[in-house]
Amino acid sequence: MLLKIAEILFIFGVLILGAAALTWVERRLLGLWQDRYGPNRAGPLGILQPVADMVKILTKEDWIPPFADRVLYVIAPAIIIIATFMVFAVIPLSPSLGVIELNIGLLFFLAMASLSVYSVVLAGWASNSKYALLGGVRAASQMISYEVFMALSLAGVIMMAGSFNLRTIVEAQQGLWFVVPQFFGFVAFFVAGLAESHRLPLDLPESEHELTAGFHTEYSGMKFGMFFLGEYVGVIVTSAMIVTLFMGGWHGPWLPPLVWFGLKMAFFVALFVLLRAAIPRPRYDQLMAFGWKLLLPLTLANAVITGGVLLAGS
Amino acid sequence: MTTIPLEHALMLAAILFALGVAGVLMRRNIVFVLMSLEIVLNATGLAFVAAGMRWGEPDGQVMFVFVLTLAAAEVTVALALMLQAVKHYGTLDLDILRRMRN
Amino acid sequence: MTVVFYSTAVIAILATLLVVTGRHAVHALLYLVVSLFAVAVLFYLMGAPFAAALEIIIYAGAIMVLFVFVIMMLNLGRADMEQEERWLAPTTWLGPAVLSAVLLGQWLWVLRQGGGGDITGEIVGARELGIALFSQYLLAVEMAGLLLLAALVGAFHLGRKRREDDE
Amino acid sequence: MELLLWLIPLLPLAGFLVLAVAGARLPKAGVAVVGAGSVGLAALTAALLAALFYNAGSDPVIARLGPWFRAGDLSADFTLYLDQLAVIMTLVITGVGFLIHAFSTEFMADEADYRRYFAYLNLFVAAMLMLVLADNLVLLFLGWEGVGLCSYLLIGYWHRDPANGYAARKAFVVTRIGDVALLLGLFLLFVELGEFSIQPLLAGAPLYFESGAARMELIAFLILGGAVGKSAQLPLQVWLPDAMAGPSPVSALIHAATMVTAGVYLIARLHPLFELAPVAQMMVALVGLATLLVAAWAALSQRDIKRILAYSTISQIGYMFLALGVGAWGAAIFHLVTHAFFKALLFLGAGRVIEHMHHEHDIFRMGGLRRVMPFTFGVFLAGAASLAAVPWLTAGFYSKDQILLAAAGAPELGTLLFAGGVIGALMTAFYSFRLVFTVFFGEPVTQEREHAGWRIQAPLALLGVLSIAGGLIPLPLEQVFPDHHASHALGLVLLAAGVALAGIALAWWTHGRRRPTGETANWPLWRRGLDRWQASGLGFDAVYGVLVETPFNTTARALRGEIVDRAVALVIAVNQGLNALTARLQNGRIRHYALGVVLGVLALLIPVVWL
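Since the model is a prediction, treat every value here as computed from it, not as a measurement.

Reading the values: rules and limits
Residues numbered from 1 in each chain as written. Chains lettered and ligands numbered in written order. Predicted model: local features only at pLDDT ≥ 70, side-chain atom pairs only at ≥ 80, totals over all residues. Heavy atoms only, no water. Helix = DSSP H or I, 4+ residues; strand = E, 2+ residues; numbered from the N terminus. Contact = heavy atoms within 4.5 Å. Areas by Shrake-Rupley, 256 points an atom, 1.4 Å probe, with all protein chains shown as cover. pLDDT = per-residue confidence, 0-100. Buried area = accessible area lost by both parts, 1.4 Å probe. Salt bridge = Lys/Arg side-chain N within 4 Å of Asp/Glu carboxyl O. Polar contact = N/O pair within 3.5 Å; in protein donor to acceptor, adjacent residues only side chain to side chain. Pairing = 2+ DSSP bridges. Nonpolar A, V, L, I, M, F, W, Y, C, P; charged D, E, K, R; others polar. Buried < 20%, exposed > 50% of the residue type's maximum accessible area, 1.4 Å probe, protein only. Axes fitted to C-alpha atoms, helices over the stretch in contact; angles between N-to-C directions. Parallel < 35°, antiparallel > 145°, perpendicular 65-115°, else oblique.

The next point concerns the overall build of chain B. Across its full length, chain B carries 3 helices and 1 strand. Reading chain B from its N end, one meets helices and strands in the order β-α-α-α. Intrachain contacts of chain B at a sequence separation of at least 6 include 58% that bridge at least 24 residues. Only carbon and sulfur atoms are counted for the fraction: they give 66% of the accessible area of chain B, which is about 3500 Å².

Given below as structure tokens:
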């Protein structure tokens, strides 16, 4: 029992620290790719930048706009933090490490992903301001849409592993990572993950050029910090899910499983950052058309073909 | 592991159902009426699942899936209709929508 | 399990009560989501994890978001809340409440005798559900698909017409 | 071989589907290529298959595609069966069918609805092939009804004229009478033998039934009923003359070469059943005899070129029935084949003539076309000679001769059957050359020269050659039919030959030497009456009108007015009253509806609670 609690605390701590570190890593990487410095003042290489940011955020005035719906305004950022952190509970980090083994782990992930919509939508609505509301409306339709493809893109993985249990899925990839037979599922899941965590280039709900900051325009202080943190945790979670579902989880030669998991995850996190640096943001209708007209048929065909092949093989 | 009598689950479903019915009957705002309908449907689903689990059979869950489908279809159309109604009559009052009759 | 079950049931009932009597649409919706959550937990306790997941993913995650979405578009304000206040005068709600209470009383009366057996919480998972769906309930699945298609077409039609009116 | 076998009916079917689905986007040339090409390919396939078939020693080929339906003991599969009989039928259908298709591509080129025409025609060929290749009676019946449908559609091809629609309906309804009989026969057969597959059925019937068993006779009679309807035999022959409302190539294909002979095929295919039912078989012969005489008699004074040919078709199928009735199965099929050649040729030629005369059908308004249409005249003459059975030269002579000899050799009523056949032959020769002399000889009524492209000339020429030389083609049928010993008396042959020549001479005497105008006004009353009686097809339509239509219409009219309607009106009144009552509940307040539902539930629950 105590061991379990220690395990939970360890994962939780790593996650928070990771997310905080990610704020620095992202800016350093962006600096690297865009040929500029990035944060380099606090500590060696600016490594203490997250600490400085935290101090700043925590000491800011915690201000709630008078026109906002107070209760929802406060609840909204909490939801995203809870939802994204909860997902990590079901991800198996190594053969022995992992908070809980749920036999519906994958569904749990999808459920939490679908709940994180509320955070964005409610934040947008409760702020009671035009930009925020527009961001909220965009978020609602974008995330509902991409949830569909996300779930569908996983159908192939579920069929091949024969289980919703993430640990079983990882073990099923002992021989061959699912990214090979499920390449289209992987691509669709990657894009859907991008949209679900509304990272650039699919950050239409908060695109600062059109909507100032979208649904969290009115937020400041630690509540903003929670959205900020939530986004980075989202990136980590999505990377972890990709690793778990398609990249063989902890499997890998020579190195210990946990290290493999961390390395793979780090790769995808870096990929997310690179995408932000490299790809321009699409128009909103392009985003929706891409989803419904390309990803939906793609994922459906993938599911049907996978099922057919499995049936033929059985 | 202790067990739960089927009656208690069904009673819970009945209570939720009754609450939903009361909502349908007493609200004038379409939004609330629709929400109450969802409660009613959900209560039905609960009863189905509970009964199915009593026998350890998947049939209850199957019916729940169908209830879910029904709810999804109903909400889609109902919400679209609601938007139309608001656009045409400028109100969410169910009683005023009587005018649609002619 | 017993304690969790009954406390969750109480939460479900309270949340539902708040939905039915609420004045603020968005708040009421959130209470409804809480109620759905509670029911999902109950499903899980009863040994139906797949139903629990569906309840959250589809009911709370999709259908309710649709509600929020539409309410956001309607942009209900303070005036609407006051209107709700007026509409919920005791004269309005007393009759339906009594009626529902009678209905509930009848049910509870019927259920009071017991003897229906116990829910053991043995898990009936997605595999069994899938097999049942695609064997004996195949026809119903097809009909459900048809229903969804009809709803899709209907919603599309309604949405489209609105745009033509604008022009 | 199985695959090839399936390809034969599927090719025209594919043609039909292509034309039906994508035909609107095809240019006319494309429609022609698909329409005629699919049948052409089927013909090539059939030829290849026939070569393989004969090479392999004529063993039957069975091709199973898959199950159609199963219900209890009843099962019907998509299975084709190819034996010597089916090979011949397939070759005739695809071969003649292709020639007619090719002819149509040019002949029908001015039609606006080119695509519909070819689509129906392709569907027809597919259905006809299904009919002759079917391994079980259910599949056979599918083809049987399929050809009926196509016949209906094509008779009414020019549907803007209500008369054509009427003719199509008539054909459909009259053949349907026969179809009902056939269906009953099939049901009865199934009840008795529990089998729909033809071969096991034929093998099992002699073990199950004694010869002449009452049930067997009944079944044979019912099947005969179906054959009579489809093949336009007495007493259901009335639809075929009217069916000439369709385009001439349709008449050639459906109402001469293939579909109307389906009855002959059916009886030949099920001949073991008829051998078990001597009364029914004798009935076949008598029906054939009566039909050939009646139709030939009626043909004598027709004025419409296509109606002459239609009555001639009825009469010639009568010959085939006669042959079937006396057990000369092979002779019937032989005549079927030669008839397909020369009658298709005659119909196509008639179509050419009618087109040349600007849609004039009356032969007495034609004349001298020999000079302006030499090619058509040539091939038409070949066809008519074959029809008239000009001795030793034409195919028709050989086949008809076989039938007459078989009739003469019949154990019962042989003399009567032979005599009837000879009289029929005389009339046949007479009316066919009456037609030739009237249309092609005498003073030309037009100077317009004919012009025909190769797509018209080639099929006609080929059919002309077949009409003459077709009698020399051997038709091996020994594995399907038992040997039939016909009389070979030279005297009888000479008699038949003489009769044909006499008929032609007679025609020359009355219509070639001098030219009757066709004017009947100054004829004596008895002759005019006779003529009108003949021209109306011996008044069958009028008789049926009195016997069937009038009582039916009277009853319908009697019922239309009052009795039933009153009862219905009462129902309406009651409903309206109830509606007025319940409509008040429909007040548009949804919550009231919900209230009603809840109250209803409460009421329903009361007994549960109190018990």
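With that settled, consider the confidence of the model for chain B. Should pLDDT be low for a region, the predicted coordinates there are not to be read in detail. Across chain B, pLDDT averages 83, with 89% of residues at or above 70. When pLDDT is averaged over each helix and strand of chain B, the minimum, 82, is found for strand 1 (residues 4-5) of chain B and the maximum, 89, for helix 2 (residues 30-54) of chain B.

Right, let's get into the interface of chain B and chain C. Taken together, the contact between chain B and chain C spans 69 residues of the former and 81 residues of the latter. Taken over both partners, the interface formed by chain B and chain C buries close to 7000 Å², and the fraction arising from carbon and sulfur atoms is 79%. Joining chain B to chain C, the criterion identifies 0 salt bridges. At the boundary of chain B with chain C, the tally comes to 8 residue pairs in polar contact (both at pLDDT 80 or more). Counting only elements with at least two residues in the side of chain B that touches chain C, the list comes to strand 1, helix 1 (6-26), helix 2 and helix 3 (59-89) of chain B. Looking at the side of chain B that touches chain C element by element, the count peaks at 24 residues for helix 3 of chain B. Pairing analysis gives 2 bridges linking strand 1 of chain B to strand 1 (residues 118-119) of chain C, with the strands arranged antiparallel. The residue of strand 1 of chain C that forms the bridge with Pro5(B) is Asp118(C).

Between chain C and chain D, the residue contacts involve 8 residues of the former and 10 residues of the latter. For the chain C and chain D pair, buried surface summed over both sides reaches about 770 Å², with 81% attributable to carbon and sulfur atoms. Counting across the chain C and chain D interface gives 0 salt bridges. Seen at the junction of chain C and chain D, the total is 1 residue pair in polar contact (both at pLDDT 80 or more). Across the side of chain C that touches chain D, the residue classes break down as 6 nonpolar, 2 polar and no charged.

This part is about the pattern of salt bridges. Residues and elements named next belong to chain D. The final tally for this structure, using the stated rule, is 14 salt bridges over all chains. For Arg-455, the salt bridge identified is with Glu-106, shortest N-O distance 3.9 Å. Placement of the pair is Arg-455 in helix 20 (residues 454-469) and Glu-106 in helix 3 (residues 84-107), with a sequence separation of 349 residues. When the shortest N-O distance is used, the salt bridge between Asp-113 and Arg-116 registers 2.6 Å. Connected through shared salt-bridge partners, Glu-145, Arg-176 and Asp-179 make up one network.

This part is about unusual backbone geometry. All names here are of chain D. In this chain, Leu-234 is followed by Pro-235 through a cis amide linkage whose omega measures 0°. Position of Pro-235 among the secondary structure elements: in the loop between helix 8 (214-230) and helix 9 (239-242). Not every positive phi belongs to a glycine, and Ala-232 is a case in point at roughly 55°. Tracing the backbone shows Ala-232 in the loop between helix 8 and helix 9. For His-358, which is not glycine, the phi dihedral falls at a positive 55°. With respect to the element layout, His-358 can be found in the loop between helix 15 (329-356) and helix 16 (369-372). What makes His-358 exposed here is its relative accessible area of 57%.

Residues and elements named next belong to chain D. One way to put it is that helix 3 packs onto helix 15 with a least axis distance of 10 Å and a crossing angle of 5°. Taken together, the axis directions place helix 3 and helix 15 in an arrangement best described as roughly parallel. Contact residues: Leu-85, Ile-88, Met-89, Val-92, Val-96, Ile-100, Phe-103 and Phe-107 in helix 3; Ile-333, Leu-336, Val-337, Ala-340, Phe-341, Ala-344, Leu-348, Gly-351, Arg-352 and Glu-355 in helix 15. Residues that form the contact of helix 3 with helix 15 fall into these classes: 15 nonpolar, 1 polar and 2 charged.

The relative placement of two packed helices comes down to the angle between their axes together with the axis-to-axis distance. Residues and elements named next belong to chain D. Where helix 3 meets helix 11 (residues 262-269), the closest approach of the two axes is 11 Å, and the angle between their N-to-C directions is 170°. Classed by the angle they form, the pair helix 3 and helix 11 counts as roughly antiparallel. Residues Leu-85, Ala-86 and Met-89 of helix 3 pack against Tyr-265, Ala-268 and Arg-269 of helix 11. For the contact of helix 3 with helix 11, the class distribution of residues is 5 nonpolar, no polar and 1 charged.

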